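# An overview of the molecular structure
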Amino acid sequence: MTTSFDQLATSILEGKPATEDDALAVLRAHDDELVHLVAAAGRLRREHFGNTVKVNYLVNLKSGLCPENCNYCSQALGSTADILKYKWLNTDEAMQQAAAGLRGGATRVCMVSSGRGPTNKDVERVADMVGAIKAENPQVEICACLGLLKDGQAERLREAGVDAYNHNINTAESHHDTIVQTHTYADRVDTVTKAKSAGLSPCSGLIAGLGETDEQLVEALFALREMESDSIPVNFLMPFDGTPYENTWELSPTRCLKILAMARFVCPDREIRIAAGREMHLRSLQAMALNVANSIFLGDYLTSEGQAAEADLEMIRDNGFVVLGAEEDPRPVGTEGSRDPAKRRRGAGTTERPNA
């Protein structure tokens, strides 16, 4: 194992991949080392991605009513979570949703549907949506996430203009059967393989906070490296009431940041995306995490709301990053959101409770 995180970054930049022991050391770093850890991981991030942040936007094409029993999911079989449930959006509705994300600066639209996997009719439905979106926005990347794929479906999506396919492994193979029983880890790997073989960019990531061990987090990251996932969404469990994982709180902001740093050390040249749960778990460390990750989702997720999209974009600008594919922000520093300071109307000199 390399003796310091800066030395580890240098070793990786010189072409020596991180080992499992290196990854465990990152994950188990003391909080006192956090700034040094982020700085070292940031060297790798800037080497491969400069100061750009890729902005992605989710469109939930069909929500809830899923027959799979993924224990972490608010849309799963048996979930009583209070979420939006609806059948397929039509093409016009999907275009309107995608356009909102593109106006916000997204360069990739992720088109997602609940369910075990698409029928051929569903694939054609999505193909029509993709064609319509790309006719108006030919430069946009489209990532589809429709569940387990059957033979020929990945090829049809590629033909329709889909650029990438997302199917997360979610956790280590050794932990998979604990979190879902209606499909196997091998089923998930098979779909990623089908997508890659069809010429779609493979997008696969994980969910942290599912009761996995440190070693299982490392196992999952090394599996993603072996699968050559081009983009790796790192989700943090959102324990919805009404799911088996309700009231499960295993994550702290520093733990989440170390998981992202580990992903960067293990997969230095891959897109590391801060995905669902960042507002809930990273909290005030979201901006710091941009020094490690190079990609985020803008605004809302599948069944949960994110922070305001403008706050996401402001966070990117304020921390010296630029949105990938966007022109430089023409506004002088400090002018965005300028307004009269909020006047104190509580605490000393008033009858209102102080802000403490």
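Our subject in this report is the structure included herewith.

Cut-offs applied
Residues numbered from 1 in each chain as written. Predicted model: local features only at pLDDT ≥ 70, side-chain atom pairs only at ≥ 80, totals over all residues. Heavy atoms only, no water. Axes fitted to C-alpha atoms, helices over the stretch in contact; angles between N-to-C directions. Helix = DSSP H or I, 4+ residues; strand = E, 2+ residues; numbered from the N terminus. Parallel < 35°, antiparallel > 145°, perpendicular 65-115°, else oblique. Left-handed = near helix turned anticlockwise from the far one by under 90°. Contact = heavy atoms within 4.5 Å. Polar contact = N/O pair within 3.5 Å; in protein donor to acceptor, adjacent residues only side chain to side chain. Disulfide = S-S within 2.5 Å. Buried < 20%, exposed > 50% of the residue type's maximum accessible area, 1.4 Å probe, protein only. Phe/Tyr/Trp six-rings, centres within 6.5 Å; stacked < 30°, edge-to-face > 60°. Salt bridge = Lys/Arg side-chain N within 4 Å of Asp/Glu carboxyl O. Pairing = 2+ DSSP bridges. Right-handed = clockwise from strand over helix to strand, strands pointing away.

## Things to note about the packing of helix α3 (residues 34-49) against helix α10 (residues 253-266)
Here α3 crosses α10 at 40°, and the two axes come no closer than 10 Å. By the angle class used here, α3 and α10 are oblique. Crossing handedness for the pair α3 and α10: left-handed. Listed contacts from α10 to Leu34, Leu37, Val38, Ala40, Ala41, Leu44, Arg45 and Phe49 of α3 are Thr254, Leu257, Lys258, Ala261, Arg264 and Phe265.

## Points about the environment of Ser252
Residue placement: Ser252 occurs in the loop between β7 (231-236) and α10. Looking at Ser252, its side chain comes within polar contact range of the side chain of Thr254, at 3.2 Å.

## Quick notes on the state of the cysteines
Taken as a whole and assessed by the stated rule, the structure comprises zero disulfides. Among the cysteines around Cys110, which has no disulfide bond, Cys143 carries the closest sulfur, lying 4.8 Å off. Looking at Cys110, the relative accessible area reads 4%, which means it is buried.

## So, the packing of aromatic side chains
Counting across every chain of the model gives one aromatic pair. Between the aromatic rings of Phe297 and Tyr301, the centroid separation amounts to 6.3 Å while the plane-to-plane angle is 85°, which identifies the pairing as edge-to-face. The same class applies to Phe297 as to Tyr301, namely buried.

## Points about the pattern of salt bridges
Taken as a whole and judged by the stated rule, the model has 21 salt bridges. Across the pair Asp214 and Arg28 runs a salt bridge whose closest N-O atoms are separated by 2.9 Å. Pair noted here: Asp214 is in helix α9 (residues 214-227) and Arg28 is in the loop between α2 (20-27) and α3, with a separation of 186 residues, a long-range link. Note on Asp214: relative accessible area 17%, which makes it buried. For Arg28, a relative accessible area of 47% corresponds to the partly exposed category. Among the salt bridges present, the one from Lys258 reaches Asp31, with a minimum N-O distance of 2.6 Å. Taken as a pair, Lys258 in helix α10 and Asp31 in the loop between α2 and α3 lie far apart in primary sequence, 227 residues in all. A relative accessible area of 8% places Lys258 in the buried class. Residues joined by salt bridges that share partners form a network here, namely Lys54, Arg108, Glu141, Glu271 and Arg273.

## Digging into the pairing of strand β8 (residues 271-274)
Neither face of β8 is open: one carries Glu271 and Arg273, the other Ile272 and Ile274, and all of them are buried. Summarising the sheet, β7 and β8 pair through four bridges and their orientation is parallel. Bridge assignment links Ile232 to a residue of β8, and that residue is Ile272. Note on the crossover from β7 through α10 to β8: the handedness is right-handed. With two bridges connecting them, β8 and strand β9 (residues 295-297) associate as parallel partners. The residue of β9 that forms the bridge with Arg273 is Ser295.

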